[in-house]
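# Architecture at a glance
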Amino acid sequence: MTESAVSGLAYEALRVALMVALPILGAMLVVGLVVNVLQVATSLQDTTLTFIPKIAAAVAALFLTGPWMMRLLVAFARGLIARIPELVR
């Protein structure tokens with residue numbers, strides 16, 4: 001296995017990992033910002049208040065983008081398995 005093959009696999013793995021994590025992290029970020037703005041506006045400074053909306057947003061994002069994430073991961077795994085013979089040489 002050459003250095004370019006290893007770096008190409010690492011790049012592709014990081015790209016897939018980022019694409020899979022981004023919808024959930026983005027939803028949690030948006031909900032966290034909205035809840036924090038509401039906390040500042042109402043002077044309610046309870047740190048545990050943000051957990052339930054963030055978890056709900058993560059679950060909703062997972063349900064909405066879950067099939068796409070699974071297709072992306074399966075395509076990556078199939079491509080990796082198909083390239084095993086050329087990587088082993």
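As a starting point, this report considers the structure included with it. Treat the numbers as computed from the prediction; the structure is a model and nothing was measured.

Rules of the game
- Residues numbered from 1 in each chain as written.
- Predicted model: local features only at pLDDT ≥ 70, side-chain atom pairs only at ≥ 80, totals over all residues.
- Heavy atoms only, no water.
- Bend = angle between axes of the 7 residues up to and from the residue.
- Helix = DSSP H or I, 4+ residues; strand = E, 2+ residues; numbered from the N terminus.
- Buried < 20%, exposed > 50% of the residue type's maximum accessible area, 1.4 Å probe, protein only.
- Contact = heavy atoms within 4.5 Å.
- Expected span 1.5 Å × (residues − 1).
- Core = buried A, V, L, I, M, F, W, Y, C linked by side-chain atoms within 4.5 Å.
- Salt bridge = Lys/Arg side-chain N within 4 Å of Asp/Glu carboxyl O.

### A short note on helix α2 (residues 51-82)
At threonine 65, α2 shows its largest kink, close to 60°, and the proline proline 67 lies no more than four residues downstream. Looking only at α2, the buried set comprises Ala57, Ala58, Ala61, Gly66, Met69, Leu72 and Phe76. In this structure, the buried side of α2 is in contact with α1 (3-42).

### A few points about α1
Between its first and last C-alpha atoms α1 spans 55 Å; for 40 residues at 1.5 Å apiece the expected length is 58 Å, and the two agree. The largest bend along α1 reaches roughly 40° and is located at leucine 22, with the proline proline 23 sitting one to four residues downstream.

### Regarding the nonpolar core
Residues Val16, Val20, Met69, Leu72 and Phe76 constitute the largest nonpolar core, which totals five residues. If you list the elements that add at least two residues to this core, you get α1 and α2. At three residues, the largest contribution of residues to this core is made by α2. Setting aside chain neighbours within four positions, we find valine 16 in contact with Leu72, Leu73 and Phe76.

### Here we look at the pattern of salt bridges
In this structure the tally under the stated criterion is one salt bridge. The salt bridge involving arginine 83 is made with glutamate 12; its shortest N-O contact spans 3.2 Å. Placement of arginine 83 in the loop between α2 and α3 (84-88) and of glutamate 12 in helix α1 is noted, with a sequence separation of 71 residues between them. Residue classification places arginine 83 among the partly exposed positions, given a relative accessible area of 27%.

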